[in-house]
Amino acid sequence: IVCRIMAQYPQYHSSAEGACRHIINSHLSLVHSMLSMQSTAKQRKIVLQLLAAMVSLGGNLPRELLAHLSIQSEVIKCLVRHTKPTDTQNIRNCFIHFILAFLIEGNVSTIRTLLDKHDLLSSIFSALIYDSKDIIALVLTTLKTYILQNPKISKTMKLHIFSTPVVQNLVCLYNWKGPNNWPGNKIHNSTSAPRYLQEKEVIFSTILDRPWEHEKPSDLLIKIMAACPDLIKSQFTLLESHIEPRVATKWIA
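Residues numbered from 1 in each chain as written. Predicted model: local features only at pLDDT ≥ 70, side-chain atom pairs only at ≥ 80, totals over all residues. Heavy atoms only, no water.

A. Region of the structure containing unusual backbone geometry. With a phi angle near 60°, A127 is a residue other than glycine that sits in the positive phi range. Structurally, A127 can be placed in the loop between α9 (118-122) and α10 (133-148). (Helix = DSSP H or I, 4+ residues; strand = E, 2+ residues; numbered from the N terminus.)

Spelled out as structure tokens, the structure:
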């Protein structure tokens with residue numbers, strides 16, 4: 001209904017905003033309940049879509065929502081967990097759209113408030129390699145436009161958001177697998193989680209240790225060195241063991 005009002009009935013925008021503010025002030029406990037571990041998948045989808053629509057109304061609503069909404073870490077983990085990656089309306093996708101709505105809304109104050117709640121934005125980067133190309137494009141474009149290229153967002157905040165784990169997940173997109181290759185619940189149970197983490201570490205270390213074996217990671221590393229010359233010395237130290245001449249096809253060629 002909110003989306004329809006914005007698209008077709010702009011004259012009712014203020015009424016919709018008032019109704020959404022009433023939800024925040026009087027029914028937030030119900031929202032938290034529908035997001036909780038005890039709720040159904042359908043309930044989570046509905047409330048996430050509602051929250052995303054509320055954010056898109058703009059004004060003070062997004063900041064008010066961020067100020068009052070409190071999502072526990074265990075609930076966040078549940079919301080970002082892959083369950084049905086091939087379903088475009090799965091819970092994870094709905095949550096990603098909800099979080100990105102705060103950025104797309106464009107208000108700098110809202111963006112800063114979201115970035116202060118670091119766990120919300122950083123949570124969506126885990127297991128990006130199994131998201132659809134459309135979701136990945138949306139995430140990367142939104143981050144680039146509203147955070148990285150936003151002169152009103154301080155360098156300190158940008159560094160805070162793009163922590164090592166976040167960068168690792170982004171770099172792992174060079175090994176994108178897509179929804180159809182999602183290994184199911186295996187990556188979420190305790191017996192197989194280490195295998196997934198080990199795989200991610202191998203991908204990341206390979207890109208950094210032997211970037212010349214991969215065209216795009218190699219290009220990335222060159223651009224990093226060009227932008228940050230101070231890193232060249234440390235990078236050569238890491239590569240020292242690889243540049244020693246040896247009897248190998250790559251050296252002879």
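Structure shown, so let's carry the discussion forward.
B. Just the packing of helix α3 (residues 28-35) against helix α4 (residues 41-56), in detail. Where α3 contacts α4, the two axes come as close as 8 Å, and the packing angle between them is 130°. The angle between α3 and α4 places the two elements in the oblique class. Crossing of α3 over α4 shows left-handed handedness. Judged by residue contacts, V31, M34 and L35 of α3 engage Q43, R44, I46, V47, L48 and L51 from α4. (Axes fitted to C-alpha atoms, helices over the stretch in contact; angles between N-to-C directions. Parallel < 35°, antiparallel > 145°, perpendicular 65-115°, else oblique. Left-handed = near helix turned anticlockwise from the far one by under 90°. Contact = heavy atoms within 4.5 Å.)

C. Seen up close, helix α8 (residues 108-116). Within α8, burial applies to V108, T110, I111, L114 and L115. Around the axis of α8, the buried residues are gathered within 160° of arc, so they sit on the same side. Those residues of α8 that are buried are in contact with α5 (61-68), α7 (91-104), α9, α10 and α11 (155-161). Measuring from the backbone nitrogen of S109 back to the side-chain oxygen at the start of α8 gives 2.9 Å, which picks out N107 as the cap. (Buried < 20%, exposed > 50% of the residue type's maximum accessible area, 1.4 Å probe, protein only. Arc of directions from axis to C-beta. Polar contact = N/O pair within 3.5 Å; in protein donor to acceptor, adjacent residues only side chain to side chain.)

D. Representation of the environment of C78 within the structure. Residue position: C78 is located in helix α6 (residues 73-80). For C78 and M37, which are 41 residues apart along the polypeptide, the C-alpha to C-alpha distance reads 7.4 Å.

E. Spatial organisation of the pattern of salt bridges. Applying the stated rule across the entire model yields 5 salt bridges. Where R92 meets D131, a salt bridge forms, and the shortest distance between an N and an O atom there is 2.6 Å. Of this pair, R92 sits in helix α7 while D131 sits in the loop between α9 and α10, placing them 39 residues apart in sequence. Using a relative accessible area of 2% as the deciding quantity, one classes D131 as buried. (Salt bridge = Lys/Arg side-chain N within 4 Å of Asp/Glu carboxyl O.)

F. Region of interest: the nonpolar core. L35, F95, F98 and L121 are the most contacted members of the largest nonpolar core, which totals 57 residues. Looking at this core, the element that brings in the most residues is α7, giving 10 residues. Once residues lying within four places of it in the same chain are set aside, the contact partners of F98 are L48, L51, A52, V55, L65 and L69. (Core = buried A, V, L, I, M, F, W, Y, C linked by side-chain atoms within 4.5 Å.)

G. Inspection of helix α14 (residues 215-227) at higher detail. Spanning 13 residues, α14 covers 19 Å between terminal C-alpha atoms, matching the ideal 18 Å at 1.5 Å per step. Turning to α14, its buried residues are P217, L221 and M225. With its buried residues spanning 75° around the axis, α14 presents them on a single face. Exposed residues lying more than 90 degrees from the buried face of α14 are E215, K216, I222, K223, A226 and A227. (Expected span 1.5 Å × (residues − 1).)

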